[in-house]
Amino acid sequence: MQLIPAIDLIEGKCVRLTEGDYATRKIYNEDPLEVALAFEDAALERLHMVDLDGARTGSPVNLKVLEKIAAKTSLIIDFGGGIKKDQDLSDVFNAGATLATIGSVAVKDPELFASWVKKYGPDQILLGADVKNEKIAVGGWLETTDVWLLDFLQRNLELGLRQVFVTDISKDGKLEGPSFELYKKVIGELEDIQLIASGGVSGIGDLEKLAEDGLHGAIIGKAIYEGRVSLKELTALQERMKV
């Protein structure tokens, strides 16, 4: 299982929200590059970046931060938030992202999303599914749809996609544990999926359980910033999982 630390951005700063509520934002570091370098020093290889300004405004805002981190680290970066049109996607890749994280467009304009998967290849697109009561939410979690999670995932797996991360909004930022049952249900129903857990990680034990349950990866955010999981612990766990 891949351990994927997260950097969420508002106004170029490293922040975290609770349940996707922008009013709950807490600034953890004014310099996201410093945070990214610490992850790289801990021998972590991937980075999940979320442009919360972009998610709210509908167009990527923090591309300069992405550019700087991509230039000064060797991290494999997936970047999302506000990618709505062809130019946005091009800008994100030009700024140094390895993968573009797409959520809302896959829900609201599936034909456009399918064209992106075809153009760039499924290995460069990371599908993000944000859910509330097993239904998809979009627009920085501000809008819940009537689209069921499993139907949404099945439709997109048929495009050739495999890597998907699922965030249970009710768990995110609360440090109360991931949605283990939801993830097991998804893996049980969709055999070919490479599922990445997102939201709720409260300690190293949660990550060990996710690995045991067959998750392909786990995104860790607030647990790192609040000191519930140390980078040293993540390094050690990663090494154990490689054996």
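Shown above is the structure to which this text applies.
Residues numbered from 1 in each chain as written. Predicted model: local features only at pLDDT ≥ 70, side-chain atom pairs only at ≥ 80, totals over all residues. Heavy atoms only, no water.

(A) Region of interest: the nonpolar core. Counting 68 residues, the largest nonpolar core has I7, M49, F113, L153, V166 and L207 as the members making the most contacts within it. With sequence-adjacent residues up to four places away left out, M49 is seen in contact with I7, L9, V65, L66, I69, I77, D78, F79 and G80. (Core = buried A, V, L, I, M, F, W, Y, C linked by side-chain atoms within 4.5 Å. Buried < 20%, exposed > 50% of the residue type's maximum accessible area, 1.4 Å probe, protein only. Contact = heavy atoms within 4.5 Å.)

(B) Spatial organisation of the pairing of strand β5 (residues 76–80). Taking burial as the measure, the five residues of β5 include four buried ones, the bulk of the element. Pairing analysis gives five bridges linking strand β4 (residues 46–51) to β5, with the strands arranged parallel. Counterpart to V50 in the pairing with β5 is G80. Bridging between β5 and strand β6 (residues 99–102) involves three bridges; their strand directions are parallel. (Helix = DSSP H or I, 4+ residues; strand = E, 2+ residues; numbered from the N terminus. Pairing = 2+ DSSP bridges.)

(C) Spatial organisation of the packing of aromatic side chains. On inspection of all chains with the given rule, the structure shows two aromatic pairs. Aromatic pair F93 and Y120: ring centres 4.9 Å apart, planes at 40 degrees, arrangement tilted. With F93 in helix α4 (residues 86–94) and Y120 in helix α6 (residues 110–120), this pair connects stretches of sequence that are 27 residues apart. A residue is classified by how much of its surface remains accessible, and F93, at 14% relative accessible area, is buried. Above the ring of F180, the side-chain terminus of K209 is found at 5.0 Å from the ring centroid. (Phe/Tyr/Trp six-rings, centres within 6.5 Å; stacked < 30°, edge-to-face > 60°. Lys NZ or Arg CZ within 6 Å of the ring centre and 35° of its normal.)

(D) Up close: the side chain of Q163. With respect to the helices, strands and loops of the structure, Q163 is situated in strand β10 (residues 163–168). Looking at Q163, the relative accessible area reads 19%, which means it is buried. Within the structure, Q163 has its side chain in polar contact with the side chain of R46 (distance 3.0 Å). Q163 has contacts with Q2, R46, I125, L126, L127, Q194, I196 and H216, leaving out every residue within four places of it along the chain. (Polar contact = N/O pair within 3.5 Å; in protein donor to acceptor, adjacent residues only side chain to side chain.)

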